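This is what each chain is made of:
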Amino acid sequence: MINDYIFILKAVCHTLTQTSSHQVLICRNYKGDVDMSEIDHFFTLLMQQEEEGLLCPVMSHGNVHFLWIKHSNLYLVATTNKNSNASLVYSFLYKLVEVFTEYFKELEEESIQDNFVVVYELLDELMDFGFPQTTDSKILQEYITQQGNKLEVAKTKVPTTVTNAVSWRSEGIRYKKNEVFIDVIESINVLVNANGSVMSSDIVGSIKLKTMLSGMPELRLGLNDRMLFALTGDKGKTTVTMEDVKFHQCVRLSRFESDRTISFIPPDGESELMSYRINTHVKPLIWIESVIEKFSHSRVEIMVKAKGQFKKQSVANNVEIRVPVPSDADSPKFKTSTGHAKYVPEKNLVVWSIKSFPGGKELLMRAHFCLPSVENHETEGRPPITVKFEIPYFTVSGIQVRYMKIIEKSGYQALPWVRYITQSGDYQLRTNT
Amino acid sequence: MTDSKYFTTTKKGEIFELKAELNSDKKEKKKEAVKKVIASMTVGKDVSALFPDVVNCMQTDNLELKKLVYLYLMNYAKSQPDMAIMAVNTFVKDCEDLNPLIRALAVRTMGCIRVDKITEYLCEPLRKCLKDEDPYVRKTAAVCVAKLHDINAQLVEDQGFLDTLKDLISDSNPMVVANAVAALSEIAESHPNSNLLDLNPQTINKLLTALNECTEWGQIFILDCLASYLPRDDRESQSICERVTPRLSHANSAVVLSAVKVLMKFMEMLPKDLDYYGTLLKKLAPPLVTLLSAEPELQYVALRNINLIVQKRPEILKHEMKVFFVKYNDPIYVKLEKLDIMIRLASQANIAQVLAELKEYATEVDVDFVRKAVRAIGRCAIKVEQSAERCVSTLLDLIQTKVNYVVQEAIVVIKDIFRKYPNKYESVIATLCENLDSLDEPEARAAMIWIVGEYAERIDNADELLESFLEGFHDESTQVQLQLLTAIVKLFLKKPTETQELVQQVLSLATQDSDNPDLRDRGYIYWRLLSTDPVAAKEVVLAEKPLISEETDLIEPTLLEELICHIGTLASVYHKPPSAFVEGSRGVQHKRLPPRAGSGESTESPDVGQSGPSEAPPAVIPSQGDLLGDLLNLDLAPPTATVPSVQPSMQMGAMDLLGGGLDSLLGGDIGGSPSMGAGLGAAPAAMPASLGSAPAVGGGLGDLFDLGGGVGMPTGSYVAPKTVWLLAMKAKGLEISGTFARRGGIIQMDLSLTNKAMSVMTDFAIQFNRNSFGLAPAGPLQVLTPLSPNQTIDVSLPLSTSGPVMKMEPLNNLQVAVKNNIDVFYFSCQYPLSLLFVEDGKMDRQVFLATWKDIPNDNEAQFQIKDIHLNSDVASNKLQGSNIFTIAKRTVEGQDMLYQSVKLTNGIWVLAEMRIQTGNPNYTLSIKCRAPEVCPFVYQCYELVLKN
C-alpha cells in the first residue's frame, strides 16, 4: 500500500521544435526508498509509450514503478518500489485531485504555484509515510486554512472529527432553516449495434443529498417497496433487481446488510448518499434510426430518425444527437422537423439539438455534405452516434423516496425536498459506415 | 498577492540576501524569507547553505512558519547531519506542546529526518506520543514507529516500540487502530518470519470492529491485514466473510478490491455444498461489474484482477459477458484487457454475441486492438468447437478486406485452428495462398509456410510456393527459416519425385551457409534421416501431431493462487509474483491460499464439471518462457516441433538461479564453513554401516545399499495420503494421484494411475522439470502392462537427487510431465521437505553449538506448533523417525528444550530448538539455517510429523 513519492508534473510543449518535455511542479517524498531523479525515467517512458500509442497507467523502470493519472495538462505520479496496493494508489491520486480542486477551484499549474505552501501542507496531512490519512476536504479545511494560522490555541485544536468515528461531519453546525434536498438521478447507459439490436443497457442511479441541518442529526431514508425488494434481490415480487448498491462512508453498512435500513449521520452540504446499478432491458428511451450513405468523391447523405420511447406526459429536455461525419466533409446542408442542426468540424460531428422532445413523438433530420474528389487516405474509425438528454420528474426504475426521517436531539422540524431526473449516460448507437 | 511571487527572485547574491532576511527581527519578514527558500527548493535550487539560518527560525509560535521550516528540514537534514542535531531540542520541546497539532507535527517530521544520529534522541518523545491523550497524536506516532524501524530496526526492537504498537491495535479510536495495523504490516513485510502481527481470533475481532468505523483508507489497511490471516476452520472463515461482505458496497474501488481479496481467499476454506458458499459467489459478481464504471486507471486495475478471478472461479462472472463489451471511447489499455476477459468468458451459450462483437472490433482503426481482436476470433474457434465454422468464415471475410495486418493475424490463427481441427477446414487454403505476397511479418510467413508444408499434397503448386520463399532464405528470420526447412522436407516426403532438387537446396542452405546452430543441426538431422532411412524419416517428420489444447495463456495454478492473495496490488496488475519485481523479497514467504475445504475432493468445483467439457478449465499449455517449456523441448515433443516459439527462455526461474538462490542452497558444503563441510565428509565414517551412506549425490549405488541395510531402521516416517495431482478431465482421461515417501533412505514417489477414458493407455513415461533439490526419477516409470479403461495401477518410482537444480517457487514445488500414447500432460505437486532429510543428520554436540552461534540471528525463524499433546521423549522419537535428530535435551524451569539437527540431501544443515512447556500444548520452534528459505518448509514437516 506504500508509495514513495507523489509528483505533480506538467507537460511543456515547445511548439517550435514540436517536442515536448516535462517539468516537476511540486513533489513530496514520503519514504527514503526511491531517488528523486527517477522521475526522469517517467518522462522518457511516457513519451515512448505516447509515440507507440500504447499508454498504460502503470510503468516501470528498473525496480521503480510509476502509477499515474492525468488531470488536464498535469500529471500526478506516485512512485513505489514495493508491491503496493495499486487500486489504493489510484483512488488516492483521484482524491488528491478532488481535494485540490475544492481548495483552489481549479487544479492547474497556476493554482499550484500560487498556493505552494498550502499544497505542501496538504500533501503532508493527506498522506504519512505512504499511508493515506484524512482526505475529507471539508474536515481538512477546518485546520488547514488558506491564510496561514496564527497560533491561537482555541482555533488550532485538531478537529475531533479527524479521528472520530464520524469523520465526515463536524459538530456545532448551525442553520436557521433546516432542510435536506434529495436528488434521485438515473443515468441510462445503452450500447446498440449497427443492426439495431441492444447489446447492453443498464441504469446507474444515484441519490444525492444537499444537507442543511443543524447539529448531529440521525437520518433514515425510506424507499418504496418495489425498490426495497429489488435491494434484497427478491426476484419474485419485482421486475427490477439492483445489481449493486454502493453507499457513502456515512451509511451503516452492517445495519443495511442485516435489516435493509438506510440510516446515517449525513455529511454537511452536498454529497452522494448512495449509487446503484440496475441491469435491465429498458427500452432505449430515445431510439435512433440512421441511414448514412457515403458516395465516394462526391457526397454524404445522412438521415436520422429519433423516436421518444417514453410516456406521452413526459418531456425530454436539452436533447442533443451527435452524428459523426467524415473528417474531409464540407458544405453542410441541413433540414430538420424540429430543433436545429449544427456542424462542428473540429469534432467531425453534426449536433442536432432539440430543446424539448415529448414522449411518443418521432422527429427527423437530414444532412447533406460534399466530399472532396481526392480521397482521404487515412482510415478513419467509426465513431458511434451519441445522444444526450434529461427527463425530469421520472425514473426508469420506478424508485421513489417514501420518507426521510430526521431526528436531532434538539428536536427541530426539518423539511426534506425530493427531485427526480433521468438522463443519458454512456448512450451509444453504432453506425454502419 | 499569491505565493507565485516567491518564484521570481533569481538575482545574483540571492542566498546572501535571504540569509539577511532570515535573521531579521521582524516576524513577517522571516516568514517571507522562509517561503522564498522553500520556493527555491521546489524549483530545484540548492539552498542547503542556509541550513543554520532556517533552523534558527524553528522556535516560533507561528504554525505556518513552523511547518515550512520542518519541510526544509526534511529535505536537507540528510545532507547536513551534523547541523540537524541542532533541531533536536526544538523537536523534543514541540512534542510536549499544549497544542496536539504541534505535537503530531513534530513527531511526524522527526520520523522523516533520516539521520542516524538523531534517531536515538527521538525515542523518548516518541514513547510519550504513543501514549498521548489525543488520538490524532497517537495515530501519527504509530506511523512514526514504522518510519523509525525503516531507519534503525534494532533500535525499535530494543526500545520495545513494537509491543506498544501491538497494544495500539486495541486502542479505542478506529483511526489509531488502522494506522497501527498499517505500520505493523509494513514492518512485518521486512521481517517475513517474525510473528509480529500475531493474528488470533481476539485481534481479528478487534480489527473487524474497527473496520466498521474507520476511514476508507483505514478500511483498506485492515482488510489487507485480514487477508494475511489463516482462519482455524471453516466456521471462523465464514464468520469473517460475513463481516467483510458489507464492504463490497463501499464507494471506494480500492476498499471493494481489498474486500474481494479477503473473500476470494477465505472462500477457499468453505465447503462447496454450504449454502453460504453459493450466496457469497453471487454477491461477488455485482461489485466487480460496478468497478468497470470507475475512472479508467481503476478500471484497468480491476480488469487485470478480474482476469485472475475468472481463471480461479469462472462461475462468478460467467453470465456477465456483456459488461466487457468494448466502448468506443475506452482507453486502449482498457480495450485490450476487456478483450482478454471476453475470450475467457466465451462459451457455447454466448459465442454468437461474442463473435459479432469481435468482428466489429476487427474493423476498427487501432492496429493493436484490431490484431488482438482477430486473434481472439481464432481463440474462440479453438475454445468453443461448435463455433469453429463460424469463426473460420468470419476470418475469411476479414482476409477479404485485404488490410495487411488483419490478413497476417488471420493466417496465424488459422494455423492454430488447423492444429485443433485437422482435415476439416482445408478448403480455405486456396484463399490463404492468394495472400502469400502480402505477408511481411515473420510469424505470419512462418504460419503460412507451415500450412503449405503440412498440406503439400493438396496444394498443386506447393513446390513453387515454397521455392519462392527460398530465394531470400538468408534474409528471413530464424523462425521462418526453420519452418521453411521443415516444410520442404515434408513436401519432399510427400512428393519425392518432383522436389529432390528443392530439398537439396534447402539442406545445403541450412547446413553450409547458415551460422545458426539450431538451423544447422535441424538440417543435419533431416539430412541424415533422409539419407539413411527414408521410412523412418517419414514416420518422424510426418508423425501425427498432438492436438493443441483448447485454452492458452492460462496462468500456472500455483502462481494464480499466489496472485489471488495479492489482489489489488501491483503483482496482480503485472500478473507476476512480487519476488519478480521487488528487490530483497526473495526470502519472503510466498503467499498461498488456505488449504481447500474437504481435501479429498477434486480440485474443480462441481458445477463447472457438470456444465460440459467446453467450459471446464483445460490443462495449461505452457506459454513462452514458462518453465515447462523446456520439458517440451527435451524429447517428449515430436521432432517437427511446429511451435518454434517455445524457447527455453526461463524468465523468473532463471533470474532466481543467477540471483544467488542456488548458492544459498548448495553453498553449505561447497564453500561453506568448516563445521558444515565436515558434515558430508565425516558422516559416512562416523555412522554405522547399517544406516547406510547418504544418497547425497548420484546415489544410485548408495540407494541399493540402503535398500538392504535400511530394513532395520525405525519406520516412523510419516507418509501423507495420496492426493489427486492430475485430473482426468484435464488429461484426456488419465488421472494421477500420488504422494511421496522416504523409505529406508530411498525417496519414492507413489503414484496411482487411473484410466478414465474409453481406450487403452500405453507407453507411459515420466520426467521432472528442474527443481530446487535436483529430484529426478532414478529409473523409468514401471507400467509394463497397458492400462485398460477403468483400471488403476499403483507404481512406486524411486527418485534420486542428482538431477539438474533450479530454485523453484515455492521451494518444494515439483513440475512433472507424464506421457502416454495419447499426449503429454503436465502437473505440479509439492513434496514435504522431510523427503530430503538424510539418515546421517545427527550433528555432533560441539559442532552444533559452534554452528548455532555461527549462523547470524537474521537467519533464525520462529514458529508455533499448536495443540500437540506429547511429552518431549515421545515427540523426539517421532521426529527421529523422519530423520530429525535430537542432539541434546535440557530442562529449565519446567521447560524442555530439545536441540535438534537435520541434514538435507544437498548437504544443508538445519538446526532447531524446540521448547516444550509442561501442560502447554503449544511448542515453540526456532529454526536456524544458512539457507533461511527452507525454514518454513522444515517447520511444515515438524507439524506433519508431530500431528500424525
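Scroll up to find the structure this text is about.
Residues numbered from 1 in each chain as written. Chains lettered and ligands numbered in written order. Predicted model: local features only at pLDDT ≥ 70, side-chain atom pairs only at ≥ 80, totals over all residues. Heavy atoms only, no water.

Caption draft 1: Geometry of the interface of chain B and chain A. Facing 103 residues of chain B, the contacting portion of chain A comprises 92 residues. Interface area for chain B against chain A, summed over the two sides, is near 8,400 Å², with a carbon-plus-sulfur share of 57%. Applying the counting rule to chain B against chain A returns 9 salt bridges. A salt bridge links A:Glu125 to B:Arg108, with the nearest nitrogen and oxygen atoms 3.3 Å apart. Applying the counting criterion to the chain B and chain A interface returns 33 residue pairs in polar contact (both at pLDDT 80 or more). Per-element accounting of the side of chain B that touches chain A gives the leading share, 8 residues, to helix α8 (residues 135-151) of chain B. (Contact = heavy atoms within 4.5 Å. Buried area = accessible area lost by both parts, 1.4 Å probe. Salt bridge = Lys/Arg side-chain N within 4 Å of Asp/Glu carboxyl O. Polar contact = N/O pair within 3.5 Å; in protein donor to acceptor, adjacent residues only side chain to side chain. Helix = DSSP H or I, 4+ residues; strand = E, 2+ residues; numbered from the N terminus.)

Caption draft 2: Seen up close, the environment of B:Lys424. Residue and element names in this part refer to chain B. Looking at where Lys424 falls in the secondary structure, it is placed in the loop between α22 (404-420) and α23 (429-434). We classify Lys424 as partly exposed; its relative accessible area is 45%. Counting along the chain gives 35 residues from Lys424 to Glu389, while the straight-line C-alpha distance between them is 9.3 Å. (Buried < 20%, exposed > 50% of the residue type's maximum accessible area, 1.4 Å probe, protein only.)

Caption draft 3: Representation of the pairing of strand β12 (residues 909-917) of chain B in the model. Residue and element names in this part refer to chain B. Taking burial as the measure, the 9 residues of β12 include 7 buried ones, the bulk of the element. When strand β11 (residues 895-903) meets β12, the two strands line up antiparallel, connected through 9 bridges. Looking at the pairing, Met897 lines up with Arg915 of β12. Sheet topology places β12 next to strand β13 (residues 923-929); 6 bridges connect them, and they run antiparallel. By the bridge assignment for β13, Ala912 is matched with Ile927. Here β12 folds back onto β13, and the loop between the two strands holds 5 residues, one of which, Gly919, carries a positive phi near 85 degrees. (Pairing = 2+ DSSP bridges.)

Caption draft 4: Local environment of the sheet that holds strand β8 (residues 179-192) of chain A. Taken together, 9 strands build an open sheet; the order of strands is β11-β13-β9-β8-β23-β21-β16-β19-β18 (chain A) and the sheet is mixed. At either end of the open sheet lies a strand with only one pairing partner, and these are β11 (242-247) and β18 (340-344) of chain A. Within the sheet, the average angular offset between the axes of one strand and its neighbour, ignoring direction, is 15 degrees. Of the pairings in the sheet, the one linking β18(A) to strand β19 (residues 349-358) of chain A comprises 5 bridges and is antiparallel in character. Across the sheet, residue A:Lys342 finds its bridge partner in β19(A), namely A:Val351. Packing of helix α16 (residues 275-290) of chain B onto the sheet brings it into contact with β11 and β13 (269-278) of chain A, and relative to β11(A) it is tilted by some 70 degrees. (Axes fitted to C-alpha atoms, helices over the stretch in contact; angles between N-to-C directions.)

Caption draft 5: Region of the structure containing the packing of helix α20 (residues 367-383) of chain B against α22(B). All names here are of chain B. Between α20 and α22, the shortest axis-to-axis distance is 9 Å and the interhelical angle comes to 15 degrees. Taken as axis vectors, α20 and α22 run roughly parallel relative to one another. Judged by the twist between their axes, the crossing of α20 over α22 is right-handed. Residues Val367, Val370, Arg371, Val374, Arg375, Gly378, Ala381 and Ile382 of α20 form the contact with α22, whose participating residues are Tyr405, Val406, Glu409, Ala410, Val412, Val413, Asp416, Ile417 and Lys420. A breakdown of the residues in the contact of α20 with α22 according to their chemical character gives 11 nonpolar, 1 polar and 5 charged. (Parallel < 35°, antiparallel > 145°, perpendicular 65-115°, else oblique. Left-handed = near helix turned anticlockwise from the far one by under 90°. Nonpolar A, V, L, I, M, F, W, Y, C, P; charged D, E, K, R; others polar.)

Caption draft 6: Structural detail: the pattern of salt bridges. Residues and elements named next belong to chain B. What the rule picks out here adds up to 59 salt bridges over all chains. Between Glu21 and Lys36 there is a salt bridge, with the nearest N and O atoms lying 3.1 Å from each other. Taken as a pair, Glu21 in helix α1 (residues 14-22) and Lys36 in helix α2 (residues 27-42) lie far apart in primary sequence, 15 residues in all. Take Glu21: its relative accessible area is 15%, and that puts it in the buried class. A network of salt bridges, in which partner residues are shared, links Arg371, Arg375, Glu409, Glu441 and Glu443.

Caption draft 7: Examining the state of the cysteines more closely. Residues and elements named next belong to chain B. Applying the stated rule across the entire model yields 0 disulfides over all chains. Here Cys144 is not cross-linked by a disulfide; its sulfur's nearest cysteine counterpart is in Cys112, at 7.8 Å. Considering cysteine sulfurs only, Cys929 is the nearest to Cys935, which forms no disulfide, with 5.4 Å between them. (Disulfide = S-S within 2.5 Å.)

Caption draft 8: Representation of the sheet that holds strand β2 (residues 734-743) of chain B. Residue and element names in this part refer to chain B. Strand order in the open sheet formed by 5 strands is β1-β2-β3-β6-β5, with antiparallel pairing between adjacent strands. Strands at the two margins of the open sheet, each flanked by one partner only, are β1 (723-726) and β5 (776-777). As defined by bridge partners, strand β3 (residues 746-755) adjoins strand β6 (residues 792-800) across 8 bridges and the pair is classed as antiparallel. Across the sheet, the residue bridging to Ser752 is Asp794, located in β6.

Caption draft 9: Quick look at the pairing of β3(B). Most of β3(B) is tucked away, with 10 of its 10 residues classed as buried. The loop that links β2(B) with its antiparallel partner β3(B) comprises 2 residues; one of these, B:Gly744, has a positive phi angle of about 50 degrees.

Caption draft 10: Up close: a nonpolar patch on the surface. Residues A:Phe181, A:Leu415 and A:Trp417 make up a contiguous nonpolar surface patch of roughly 280 Å² in combined accessible area. Tracing the chain through its elements places A:Trp417 in strand β23 (residues 415-429). (Patch = residues over 30% accessible without salt bridge, like charges linked within 9 Å, V, L, I, M, F, W, Y side chains within 5 Å. Areas by Shrake-Rupley, 256 points an atom, 1.4 Å probe, with all protein chains shown as cover.)

Caption draft 11: How the structure looks around the packing of helix α15 (residues 253-267) of chain B against α16(B). Residue and element names in this part refer to chain B. Two numbers describe how α15 lies on α16: the axes approach to 11 Å, and their chain directions differ by 155 degrees. As far as their axial angle goes, α16 and α15 are roughly antiparallel. Between α15 and α16 lies a crossing of left-handed hand. Between α15 and α16, the contacting residues are Val256, Val260, Leu263, Met264 and Met267 on the first element and Tyr277, Leu280, Leu281, Leu284, Pro287 and Leu288 on the second.

Caption draft 12: Just the side chain of A:Arg430, in detail. Along the chain, A:Arg430 turns up in the segment after β23. Overall, the relative accessible area of 13% leaves A:Arg430 in the buried class. Reaching out from A:Arg430, the side chain makes a polar contact with the backbone oxygen of B:Val326 at a distance of 3.4 Å. A polar side-chain atom of A:Arg430 sits 2.8 Å from a polar atom in the side chain of B:Glu357.

Caption draft 13: Quick peek at empty space enclosed by the protein. Counted according to the given criterion, the structure contains 10 cavities of 30 Å³ or more. Considering only enclosed or pocket space, the largest cavity measures out at about 120 Å³ in volume. Around the largest cavity, the lining comprises 14 residues; the ones closest to its centre are A:Arg382, A:Arg430, B:Tyr328, B:Glu360 and B:Glu364. Here the residues of the lining of the largest cavity sort into 6 nonpolar, 2 polar and 6 charged. Considering only enclosed or pocket space, the second largest cavity measures out at about 100 Å³ in volume. Lining the second largest cavity are A:Val117, A:Tyr120, A:Glu121, A:Asp124, B:Glu64, B:Lys67, B:Leu68, B:Tyr70, B:Leu71, B:Met74 and B:Leu105. For the lining of the second largest cavity, the elements supplying multiple residues, two or more each, are α4 (116-126) of chain A together with α4 (63-76) of chain B. Grouping the amino acids of the lining of the second largest cavity by side-chain chemistry returns 7 nonpolar, no polar and 4 charged. (1 Å grid on protein atoms, 1.4 Å probe; cavity = no way out; pocket = protein on both sides within 12 Å on 5 of 7 lines; lining within 4 Å. Points joined across faces, edges and corners; volume = space filled by probe spheres on them.)

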